[in-house]
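Summary of structural features
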Amino acid sequence: MIIIDNLLDADQVKQYRAALADVPFNDGKATAMGMAAGVKNNGQADAQHATVQALANNLLASLGNHPQVVSAALPQRIFPPCFNRYSESQTYGYHVDAAIMRIPNTPDVLRSDMSMTVFLSSPSDYEGGELVIQTGFGEQKVKGNLGSAVLYPSSSLHKVTPVTRGERIAAITWMQSMISDQTIRESLYELDQSIQSLVQGGKANREELDKLHHVYHNLIRKFSIV
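What you see is a predicted model; the values in this text were computed from it and never measured.

Attention shifts here to the overall build of the protein. When you go through the protein residue by residue, the secondary structure sums to five helices and 17 strands. Whereas a compact globule of 226 residues would reach a radius of gyration of roughly 17 Å, the protein reaches 18 Å, a difference of no more than 12%. For the C-alpha atoms alone, the extent of the protein along its principal axes is close to 55 × 40 × 35 Å. In the protein, buried positions account for 42% of the 226 residues. Of the contacts formed within the protein by residues at least 6 apart in sequence, a portion of 77% connects residues at least 24 apart. When the accessible surface of the protein is summed, it comes to about 11500 Å², and 52% of that surface belongs to carbon and sulfur atoms. One way to put it: in the protein the 19 positive side-chain charges average out to a point 3 Å from where the 22 negative ones average out.

Tracing the backbone through its elements, the reader meets tyrosine 126 in strand 11 (residues 126–128). On the basis of relative accessible area, tyrosine 126 is assigned to the buried category, the value being 1%. Between the alpha carbons of tyrosine 126 and isoleucine 169 there is a distance of 9.7 Å; along the sequence they are 43 residues apart. With sequence-adjacent residues up to four places away left out, tyrosine 126 is seen in contact with Phe119, Ser121, Lys143, Val163, Arg165, Gly166, Glu167 and Arg168.

Attention now goes to a nonpolar patch on the surface. On the surface, Val215, Leu219 and Phe223 cluster together to form a nonpolar patch covering roughly 210 Å² of accessible area. Relative to the helices and strands, phenylalanine 223 is located in helix 5 (residues 206–223).

About the thresholds
- Residues numbered from 1 in each chain as written.
- Predicted model: local features only at pLDDT ≥ 70, side-chain atom pairs only at ≥ 80, totals over all residues.
- Heavy atoms only, no water.
- Helix = DSSP H or I, 4+ residues; strand = E, 2+ residues; numbered from the N terminus.
- Rg over C-alpha atoms; globule rule 2.2 N^0.38 Å.
- Buried < 20%, exposed > 50% of the residue type's maximum accessible area, 1.4 Å probe, protein only.
- Contact = heavy atoms within 4.5 Å.
- Areas by Shrake-Rupley, 256 points an atom, 1.4 Å probe, with all protein chains shown as cover.
- Lys, Arg positive; Asp, Glu negative; His and termini not counted.
- Charge placed at Lys NZ, Arg CZ, Asp CG, Glu CD.
- Patch = residues over 30% accessible without salt bridge, like charges linked within 9 Å, V, L, I, M, F, W, Y side chains within 5 Å.
- Salt bridge = Lys/Arg side-chain N within 4 Å of Asp/Glu carboxyl O.

So this is what it looks like as structure tokens:
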């Protein structure tokens, strides 16, 4: 589970919120698959609306160009982001995301390796509404800052607790990674973050960094499914 601070800045979030205020929201159950429909109670922006599609494309561009997202997920495909809204008493019980998703308006499918929530509300805007993810170390609760995101394995059971005051607005998406093995993907992320820390801190010479890059890219070459 990786927290990405300031994925979107305050001005970007303001623009997203202003645009979402003028689009229709539908019952979120309509987009839930299988057993998830029985525990889903939220609103979801109409994915066929031109404004929503423009917002989704804009967010896709931000994700594809964000170095930490690329480092953590090594994305091969990213599902067009969806925008959801939880008003008071709304919730989404424990569920697991579908393993295979059809990309809207295409014949293509995506294997969901990583799930992402981008927080478009400030934590002070609402009470409750925590994203709870089951991990090998117990339940992890996330209530991200405005414009931040959390990236976690799609295989995880997770839920959104009931909102008891205010309104929680977020964007969600899923990614198919070039590295399907979660353990290897995590190790590659740690290696890349270490390399970036050395680069930024000026703690290694060019020859040492070249050797580390050599190892990193050859590991990707070996384990990628592209």
